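Summary of the model geometry
Read off the chains here:
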Amino acid sequence: MKKHIIMTIMLFLMILIVLTGCGKSNNEKQKTMRVGVVLYTQDDAFINALTDCLKHYFEEMEDENLKIIMTVRDGKDDQSVQDDVVEGMIDAGCDVLCVDLVDRTAPSKIIEMAKKEDIPIIFFNREPVREDLMQWDKMYYVGGDAEQSGIMQGEIAADVIHADEGCDKNGDGRIQYVLLEGEAGHQDAIIRTDSVVKTLMDNNVKLEKLSYQFANWNRAQAENKMTQLIEQYGEEIELVLSNNDEMALGAVAAYDSMGYPEEKRPIIFGIDGLSDVLVAVEEGQIQGTVYNDKEGQARQMAKLAVDLYKGNSLTGYDFKDEKYIILSYKKVDASNIKEYIIDDTGAAK
Ligand code: BGC
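Summary of the structure given here. (Residues numbered from 1 in each chain as written. Predicted model: local features only at pLDDT ≥ 70, side-chain atom pairs only at ≥ 80, totals over all residues. Heavy atoms only, no water.)

1. Things to note about unusual backbone geometry
Of note in this structure, aspartate 118 is not a glycine but carries a positive phi near 60°. Take aspartate 118: it is sitting in the loop between α5 (108–116) and β4 (121–124). Judged by its relative accessible area of 43%, aspartate 118 falls in the partly exposed class. A positive phi is found at asparagine 216, a non-glycine position, where the angle reads about 50°. Relative to the assigned elements, asparagine 216 resides in the loop between β7 (207–214) and α9 (219–233). Asparagine 216 gets classed as partly exposed once you look at its relative accessible area, which sits at 36%. (Helix = DSSP H or I, 4+ residues; strand = E, 2+ residues; numbered from the N terminus. Buried < 20%, exposed > 50% of the residue type's maximum accessible area, 1.4 Å probe, protein only.)

And the structure:
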C-alpha cells in the first residue's frame, strides 16, 4: 500500500514537471525567429527608410519568448542575383522572407524555393502579378495604393495652379509640363503617371506635355535628365511632376546648378514624403508631396511576419482578397507641412 502511494506521488510530480516546463530558464524558452529581408537595391532612399522602420518594428515585437534576427541583403537590381541571395538565406535557415522584387513579373524562382521549404513570403513595395501571388497561400503583399498617390499628387498640383495665376508663366491658359518617371514596368510609375495627369485634367487644368523621361527613381539620373530638358525648353517648363521625391530633388538640383532664380522656376511635385523633401516643401523649393506610409507598411509587415512564424490566426488585418495589405497615402503641402516636419524628427509616426 505504502509503495503504491509513493509511486502515485512520483508519477504526479513527473506530470507536473512536464506540464510546467520546470527546470528550463526563460532564456532556454526564448525562440529565435530569423527574417530575411531582400531589397531590389540598397541604393534607393525610400526603400532604405522603409527598411529602417522595419528594423524598428521587429525590435519592438521582441520579448522574453521571442528574439528576432533581421538580416538585410541587396538584390543589386538584378533578378538572378536576388534569386541567389534568397537561396542563400533559405540555406542559412531563415523562417520568413520579406522580398522587394527586382522584377515584379519574375518571382517564380523565389516562390518555388520558399514553397519547397515552407517559408512564408511577404512581398513589399513592388507588387507581384496577381496570378503569381495566388499560387500559394503563404504569400502576401504589403504596399501603397499607387492610384491614390497619383490622384493626390494631381489634386495638390491643381490646387496650387488654381490658387496662383503666376504658375502659368507665359499666360497662354495652359500648363506646359514635364514628367519624371520612375521605372519602366513598375506599377507605381505606370499608375502614378496616368492618374496624376488624369486628375489634373479632371480638375480643369489645361495641360501641354513637353516631355516624359525615365530616371529610375534616382536623384542623379533625374538631375541629368532635367538638365537636358532645361537646356531644351528653358523657361517654357511650368510644371514638373515626379513619380517620387528623389527625382523631384534631382529636378531642384538641376535648377540650382544652372543658377535659375526662384521666379523663373516651375512648380515641382514629388511622392514619398522623405525628410529632405519635407524640408524642401517647407522652404518652398518643392510645392508638395504625397506621404508614402513607410511606417504603416513596416508595422504591418513586422506583425504579419511574427504571426506567420508563430502560426497565429491572421486576425486584425485589413486584408484585400486575403493577400493584400494596402496602406493609404496622405497629401503634404504648405498647409500641413509643419505636422510632418515635427513627426519626422524622431520616433516613427
Ligand atoms: C517609391 C519610390 C521607390 C520605389 C522603389 C516607390 O513606391 O515611391 O521612391 O524608389 O517604390 O520600388
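2. What to know about the site of the ligand
Surrounding the ligand, one finds Tyr40, Asp44, Phe46, Asn125, Arg126, His186, Asp188, Arg192, Trp217, Asn244, Asp272 and Asn292. The separation between an oxygen atom of the ligand and a polar side-chain atom of arginine 126 is 3.0 Å. For the ligand, whose accessible area on its own is 310 Å², the fraction buried by protein is 99%. In this structure the site holding the ligand corresponds to the largest cavity. (Near = heavy atom within 4 Å. Polar contact = N/O pair within 3.5 Å; in protein donor to acceptor, adjacent residues only side chain to side chain. Areas by Shrake-Rupley, 256 points an atom, 1.4 Å probe, with all protein chains shown as cover. 1 Å grid on protein atoms, 1.4 Å probe; cavity = no way out; pocket = protein on both sides within 12 Å on 5 of 7 lines; lining within 4 Å. Sits in = over half its atoms within 2 Å of the grid points.)

3. Let's talk about helix α3 (residues 45–60)
The terminal C-alpha atoms of α3 lie 23 Å apart, and with 16 residues this matches the ideal 22 Å at 1.5 Å per residue to within 8%. Where α3 is concerned, the buried positions are Phe46, Ile47, Ala49, Leu50, Thr51, Cys53, Leu54, Tyr57 and Phe58. Buried-residue contacts for α3 involve β1 (31–39), β2 (66–74), β4 and α12 (294–310). Between the side-chain oxygen of the N-cap and the backbone nitrogen of phenylalanine 46 there are 3.0 Å, and the N-cap of α3 in question is aspartate 44. (Expected span 1.5 Å × (residues − 1). Contact = heavy atoms within 4.5 Å.)

4. Concerning empty space enclosed by the protein
A full pass over the atoms with the stated rule returns two cavities of 30 Å³ or more. Looking at the largest cavity, its volume works out to about 110 Å³. Broken down by secondary-structure element, the contributors of at least two residues to the lining of the largest cavity are α3 and α8 (187–202). When grouped by side-chain class, the residues that make up the lining of the largest cavity number four nonpolar, four polar and five charged. Split by domain, the lining of the largest cavity shows at least three residues from each of two domains, domain 1 (31–144 + 294–327) and domain 2 (147–292 + 335–339). What the second largest cavity holds in volume is close to 50 Å³. Of all the secondary structure elements, the ones that give two or more residues to the lining of the second largest cavity are β5 (139–144) and α8. Its residues assigned to classes, the lining of the second largest cavity comprises two nonpolar, six polar and one charged. No fewer than three residues from each of domain 1 (31–144 + 294–327) and domain 2 (147–292 + 335–339) sit in the lining of the second largest cavity. (Points joined across faces, edges and corners; volume = space filled by probe spheres on them. Nonpolar A, V, L, I, M, F, W, Y, C, P; charged D, E, K, R; others polar. Domains from an automatic or database assignment.)

5. Some words on the pattern of salt bridges
Under the criterion given, the structure shown has 17 salt bridges. Put simply, arginine 174 and glutamate 208 hold a salt bridge, and the shortest N to O gap is 3.1 Å. One end of the pair, arginine 174, is in the loop between α7 (146–163) and β6 (175–181); the other, glutamate 208, is in strand β7, with 34 residues separating them in the sequence. In this structure glutamate 208 comes out as partly exposed when scored by relative accessible area, which is 27%. Its salt-bridge partner being glutamate 295, residue lysine 294 comes within 3.3 Å of it at the nearest N-O pair. Judged by relative accessible area, which is 7%, lysine 294 ranks as buried. Assessed through its relative accessible area of 5%, glutamate 295 is described here as buried. (Salt bridge = Lys/Arg side-chain N within 4 Å of Asp/Glu carboxyl O.)

6. Here we look at the side chain of aspartate 100
When you line up the elements, aspartate 100 lands in the loop between β3 (96–99) and α5. Sequence-distant contacts of aspartate 100, defined by excluding residues within four places in its chain, comprise Val38, Leu39, Tyr40, Ile47, Gln82, Phe124, Asn125 and Arg126.

7. Focus on the packing of aromatic side chains
One pass over the structure, following the stated rule, counts six aromatic pairs. On the basis of an interplanar angle of 40° and a centroid distance of 5.2 Å, the ring pair of tyrosine 291 and tyrosine 340 is categorised as tilted. Here tyrosine 340 lies in helix α13 (residues 337–343) and tyrosine 291 lies in strand β10 (residues 288–291), a separation of 49 residues in the sequence. Per residue, the accessibility class of tyrosine 291 equals that of tyrosine 340, and both read buried. Each residue in the set Tyr140, Tyr317 and Phe319 is aromatic and connected to the rest through ring pairs, giving one cluster. Directly above the aromatic system of tyrosine 212 lies the positively charged group of lysine 209, at a separation of 3.9 Å from the ring centroid. Directly above the aromatic system of tyrosine 324 lies the positively charged group of lysine 320, at a separation of 5.4 Å from the ring centroid. (Phe/Tyr/Trp six-rings, centres within 6.5 Å; stacked < 30°, edge-to-face > 60°. Lys NZ or Arg CZ within 6 Å of the ring centre and 35° of its normal.)

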